[in-house]
Amino acid sequence: MTQRIKFSPSNHEFSLEGNDTLLEAALRSGYSPNYGCNSGNCGKCLVKLINGDIEKVKNHDYVMNIKQKNNQEFLLCAHTAKSDLVLQVSEANTAKDIPIQNIKTKLKSVKAADENVSLISIQTPRSKTLRFLAGQFIELSCESMEAGKFYIASCPCDDRNLQLHIRRDKTIKGKNITECLSGMQQVNIRGPFGEFNLEEDPPHPAVFICQEHGFAPIKSLIEHAIALDYQASISLSRFSHSNELQYLHNLCRSWADALDDFQYEASNSSELSQKIVEIIASANKLEKPVFYLSGTQEFVFTAETALKNTNSNWDIRTALIE
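For clarity, every value in this text was computed on a predicted model and none was experimentally measured.

Trainee: So what exactly am I meant to see when it comes to the sheet that holds strand S19 (residues 290-295) here?
Mentor: Across a sheet, strands are paired by hydrogen bonds formed along the backbone, either parallel or antiparallel in direction. With parallel pairing, the five strands of this open sheet are ordered in space as S18-S17-S16-S19-S20. Each edge of the open sheet is held by one strand with a lone partner, namely strand S18 (262-268) and strand S20 (315-320). Strand-to-strand twist across the sheet, computed as the mean angle between neighbouring axes with direction ignored, equals 15°. Of the pairings in the sheet, the one linking strand S17 (residues 234-240) to S18 comprises seven bridges and is parallel in character.

Here you go:
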C-alpha cells in the first residue's frame, strides 16, 4: 500500500510504499529531515507522531527515555508507516543546518568517463552515511594524497553511494589524483561544504550552464530536482572543448525525454558567446529564473558577466571547479 506522509511545520508531503523506513522515503523524495547515522544509534532522526499509525521495522540501539515515549516520539530510520501520517520534524533548510562530518569510506571504482574526466564512486559505511545537500562539495584524501576539494555529483537521496567527477590530469602537490586513488581501498571524506543549492521554496525556472566536469554539481542538483518533482522548468546547457559527445550525454538525453519541461543542449566551448545570447533570450521569457553556473573561473566569469550585463537583478549562483 501507498501511504501519504506530511512533515510539520514545513508541510512537505511525499509517498511511502511497502516497508521502506520513513527516513529512506523522505530522502528519496528529495527532503532533508535531521538525521545522523541512519542506523538507529545516534537518535538525531527523532520525530513526534502527530497523527497516524507507525510500525517498527528495524532494531535500534538508541534508548528512548520515558518523556520521549510519552511524547509519541520515535526514530525515522527504524519505522515505517501503517497509515497516512502527520509528523513534527526538524529539517535542514540551508547548508548551515548540516554539520561537517568526517567519514572513512570505501573506494568502489575509478572509471574513465572520457579522455578528460574520471568517475569516482565511493561508499560510506551503513552506520555513518554522509548527510549533504545537492550542489555541495567535500574534501577527499587518502594516505598517499592530501585533501582536495570535489563537488558531489550524486543525489542526496542516496547518501551512501557518492560519485565524484575528477579531471584525469588533475594533481595535488605534483601527485596525479586518479593514479593515487586507483590503488586505494579506503579514502577519507570531510564535509559537506558550499551553498550552491537549488531554489526550492518556491521553485523557480532553473537555468543550468556548465563546462566539462563542472557538470558534477549540476547533475546532483538536477537529480535532486527530479526527486522533488520540481514544479518549474529546467534547462541544461553543457559546454566542452571537444567535438565528441560529452560524458554522460545519454543520461542528459534521458532526462529530456522523460521530463515534460526539460531542455538540454550540448555545445562546443568556442560557441559560448553565441549560446549565451540564445540562453539569455530564452531566460527573458521566464518569470524570476535562477541561473546555476559551474566550471572554471574563466568560464563562470564570462557567463556571469554576460548575464549581469543583461539583467543585474537576476539570481546567479556559481560553483568554481578545479
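So much for the structure itself; the text now carries on.
Trainee: Help me understand the packing of aromatic side chains, please; the structure alone is not making it clear to me.
Mentor: Within a pair of aromatic rings, the relevant descriptors are the distance that separates the centres and the angle that separates the planes. Overall, the coordinates contain eleven aromatic pairs when judged by the stated rule. Relative to tryptophan 255, the ring of phenylalanine 215 lies with its centre 6.2 Å away and its plane at 45°, an arrangement referred to as tilted. Here tryptophan 255 lies in helix H5 (residues 249-258) and phenylalanine 215 lies in helix H4 (residues 215-228), a separation of 40 residues in the sequence. The two residues phenylalanine 215 and tryptophan 255 agree in class, both being buried. Arranged with centres 5.8 Å apart and planes meeting at 55°, the rings of phenylalanine 239 and phenylalanine 299 form a pair that is tilted. With a gap of 60 residues between them, phenylalanine 239 in strand S17 and phenylalanine 299 in helix H7 (residues 297-310) connect regions that are remote in the sequence. Here phenylalanine 299 falls in the buried class, since its relative accessible area comes to 4%. Ring pairing ties together the aromatic residues Phe215, Tyr247, Trp255 and Phe262, which thus form one cluster.

Trainee: Sorry if this is basic, but what is going on with the sheet that holds strand S3 (residues 46-51) here?
Mentor: Read from one edge of the open sheet, five strands run S2-S1-S7-S3-S5, paired in mixed fashion. Of all strands in the sheet, those bounded by a partner on one side alone are strand S2 (13-17) and strand S5 (73-75). Mean inter-strand twist for the sheet, computed between neighbouring axes without regard to direction, equals 40°. As judged from the three bridges shared by S3 and strand S7 (residues 85-88), these two strands associate in the antiparallel manner. By the bridge assignment for S7, lysine 48 is matched with glutamine 88.

Trainee: Explain H4 to me, please; I cannot follow it from the model alone.
Mentor: In an α-helix, one turn spans 3.6 residues, which is why side chains three or four residues apart end up on the same side. End to end, H4 covers 20 Å across 14 residues, agreeing with the expected 20 Å (1.5 Å per residue, within 8%). Of all the 14 residues making up H4, twelve are buried; the element is thus mostly covered by neighbouring parts of the structure. Residues Phe215, Ala216, Pro217, Ile218, Lys219, Ser220, Leu221, Ile222, His224, Ala225, Ala227 and Leu228 constitute the buried set of H4. Just beyond H4, the residue with positive phi is aspartate 229, at close to 55°.

Trainee: Help me understand empty space enclosed by the protein in this model?
Mentor: Rolled over the atoms, a probe as big as a water molecule pinpoints where empty space is left. On inspection of all chains with the given rule, the structure shows one cavity of 30 Å³ or more. Approximately 100 Å³ is the volume found for the largest cavity. Considering the residues around the largest cavity, the lining is formed by 13 residues, among which Lys149, Phe150, Tyr151, Ile321 and Glu322 are closest to the centre. Those elements that place two or more of their residues in the lining of the largest cavity are strand S11 (145-151), strand S12 (161-167) and H4. Looking at the lining of the largest cavity, its residues break down into seven nonpolar, two polar and four charged.

Trainee: Before we go on, may I ask you to explain the environment of isoleucine 218 in this structure?
Mentor: In this fold, isoleucine 218 is placed in helix H4. With 18 residues separating them along the chain, isoleucine 218 and leucine 236 place their C-alpha atoms 8.7 Å apart. Discounting residues that sit within four places of it in the chain, isoleucine 218 has contacts with Phe196, Phe208, Cys210, Leu236, Tyr292 and Ser294.

Trainee: I'm lost on H5 in this one. Help?
Mentor: Turning to H5, its buried residues number three or more, namely His249, Cys252 and Trp255. The buried residues of H5 all sit within an arc of 120° when viewed along its axis, so they share a single face. Of the exposed residues in H5, those oriented more than 90 degrees away from the buried face are Asn250, Asp257 and Ala258. Of the surrounding elements, those touching the buried residues of H5 are H4, S17 and S18.

Trainee: Can you walk me through unusual backbone geometry in this structure?
Mentor: Cis rather than trans, the peptide bond between serine 8 and proline 9 has omega equal to 15°. Locating proline 9 in the fold gives a position in the loop between strand S1 (2-8) and S2. For lysine 173, which is not glycine, the phi torsion reads 50° and is therefore positive. As for its position among the elements, lysine 173 is in the loop between strand S13 (171-172) and strand S14 (175-176).

Trainee: Teacher, can you tell me more about the packing of H4 against H5 here?
Mentor: The angle between the axes and the distance between the axes are what describe a pair of packed helices. At a minimum axis separation of 12 Å, H4 and H5 run at an interaxial angle of 30°. For the element pair H4 / H5, the angle class is roughly parallel. In this structure, H4 meets H5 at a crossing whose hand is left-handed. Two secondary-structure elements touch here, H4 through Phe215, Lys219, Ile222, Glu223 and Ile226 and H5 through Leu251, Cys252 and Trp255. Looking at the contact of H4 with H5 residue by residue, the classes come out as six nonpolar, no polar and two charged.

Rules and cut-offs
Residues numbered from 1 in each chain as written. Predicted model: local features only at pLDDT ≥ 70, side-chain atom pairs only at ≥ 80, totals over all residues. Heavy atoms only, no water. Pairing = 2+ DSSP bridges. Helix = DSSP H or I, 4+ residues; strand = E, 2+ residues; numbered from the N terminus. Axes fitted to C-alpha atoms, helices over the stretch in contact; angles between N-to-C directions. Phe/Tyr/Trp six-rings, centres within 6.5 Å; stacked < 30°, edge-to-face > 60°. Buried < 20%, exposed > 50% of the residue type's maximum accessible area, 1.4 Å probe, protein only. Expected span 1.5 Å × (residues − 1). 1 Å grid on protein atoms, 1.4 Å probe; cavity = no way out; pocket = protein on both sides within 12 Å on 5 of 7 lines; lining within 4 Å. Points joined across faces, edges and corners; volume = space filled by probe spheres on them. Nonpolar A, V, L, I, M, F, W, Y, C, P; charged D, E, K, R; others polar. Contact = heavy atoms within 4.5 Å. Arc of directions from axis to C-beta. Parallel < 35°, antiparallel > 145°, perpendicular 65-115°, else oblique. Left-handed = near helix turned anticlockwise from the far one by under 90°.

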